[in-house]
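Breakdown of the fold
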Amino acid sequence: MSPPEETMAIESESALVERLRAGDPDAVAALFDRHADRIHQHCHRLTADRADAEDATAQTFLEVWRHRDRVREHDGSALPWLYGVATNVCRNLTRGRRRHLRAVGRIGPEPAQPDHADAVTDQLSTEQRVHDVLEAIARLPERERDVIALVAWTGLSYEQAATALDVPVGTVRSRLSRARRRLATLAPEGPAA
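Everything numeric here is computed off the predicted structure, so don't read it as measured data.

**A few points about the overall build of the chain**
A count of helices and strands for the chain gives nine helices and zero strands. Reading the chain from its N terminus to its C terminus gives the helix and strand order α-α-α-α-α-α-α-α-α. Of all 193 residues assigned to the chain, the portion counted as buried reaches 34%. Sequence-distant contacts, at least 24 apart, represent 60% of the contacts inside the chain between residues at least 6 apart. Accessible area for the chain stands at about 12,000 Å²; split by element, carbon and sulfur atoms hold 51% of it.

**What to know about the pattern of salt bridges**
What the rule picks out here adds up to 13 salt bridges. Note that Glu11 and Arg19 form a salt bridge whose closest N and O atoms lie 2.4 Å from each other. Salt-bridge contacts for Asp24 lead to Arg19; the nearest nitrogen and oxygen are separated by 2.9 Å. Under the relative-accessibility criterion, Arg19 is labelled buried at 13%. Each of Arg91, Glu142, Arg145 and Asp146 takes part in one network of salt bridges that share partners.

**Brief notes about helix H7 (residues 142–153)**
Under the 1.5 Å per step criterion, the end-to-end length of H7 is 15 Å for twelve residues, consistent within 8% with the ideal 16 Å. Residues Glu144, Asp146, Val147, Ile148, Ala149, Leu150 and Val151 constitute the buried set of H7. Following H7 by one or two positions, Gly155 has its phi on the positive side, about 80°.

**Focus on the environment of Arg19**
Looking at the element boundaries, Arg19 is found in helix H2 (residues 13–21). Separated by 49 residues in sequence, Arg19 and Arg68 have C-alpha atoms that sit 9.6 Å apart.

**Considering the confidence of the model for the chain**
Confidence in the prediction for the chain averages 83 pLDDT; 81% of positions are at 70 or higher. The low-confidence segment residues 4–9, where pLDDT is below 50, has four contacts with residues more than four positions distant or belonging to other chains.

**Description of the side chain of His35**
With respect to the element layout, His35 can be found in helix H3 (residues 25–47). Judged by its relative accessible area of 5%, His35 falls in the buried class. In contact with His35, other than residues within four places in its own chain, are Glu13, Phe61, Leu79 and Leu82.

**A short note on helix H5 (residues 79–107)**
With 29 residues, H5 should reach 42 Å at 1.5 Å per residue; the first-to-last C-alpha distance of 42 Å fits that figure. Buried-residue contacts for H5 involve H2, H3, helix H4 (50–66), H7 and helix H8 (158–165).

**Re the environment of Leu156**
Here Leu156 lies in the loop between H7 and H8. Measuring from C-alpha to C-alpha, the distance between Leu156 and Leu79 comes to 9.1 Å, with 77 residues separating the pair along the chain.

Here is what the cut-offs are and how they apply
Residues numbered from 1 in each chain as written. Predicted model: local features only at pLDDT ≥ 70, side-chain atom pairs only at ≥ 80, totals over all residues. Heavy atoms only, no water. Helix = DSSP H or I, 4+ residues; strand = E, 2+ residues; numbered from the N terminus. Buried < 20%, exposed > 50% of the residue type's maximum accessible area, 1.4 Å probe, protein only. Contact = heavy atoms within 4.5 Å. Areas by Shrake-Rupley, 256 points an atom, 1.4 Å probe, with all protein chains shown as cover. Salt bridge = Lys/Arg side-chain N within 4 Å of Asp/Glu carboxyl O. Expected span 1.5 Å × (residues − 1). pLDDT = per-residue confidence, 0-100.

Here it is as structure tokens:
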């Protein structure tokens, strides 16, 4: 039986995790209410696509429910573990998207479509900037991309990122350092001053 709504509003994350492990579907709903926005932002940064981010967020909480016996906390919060699940979901989504694009590429080019460039110029400019940054990050090894996403984009501490990735804290520090050095050489040059 689920606790009353007033109790759930102030319920600790540890109590939610225990209810989740016990199979209470209201617990995953409460975690969703608490963390869906952050997970969605994380997924959007990883996929650079709103629709994919929405799919990845939903898939993340489905995976949380499916693997509720594996949920872990760090400093009384399940958020680092949720970020780890979301990172894996986005990685799988991106991998599937690449496979799909390769398969479509083997089929041949699409028939010509009408040009709608005038209606979306501003959005494309923003998406191009995001794409350029993500392209530079995509050239990093996967383990460094994961650390960048968790520490730089979501603001997790090194310890929380280590929990999410299931690696030692020193590994997170060294991967982040290497990633920063590589990004300095990979990043596209900005506009001339």
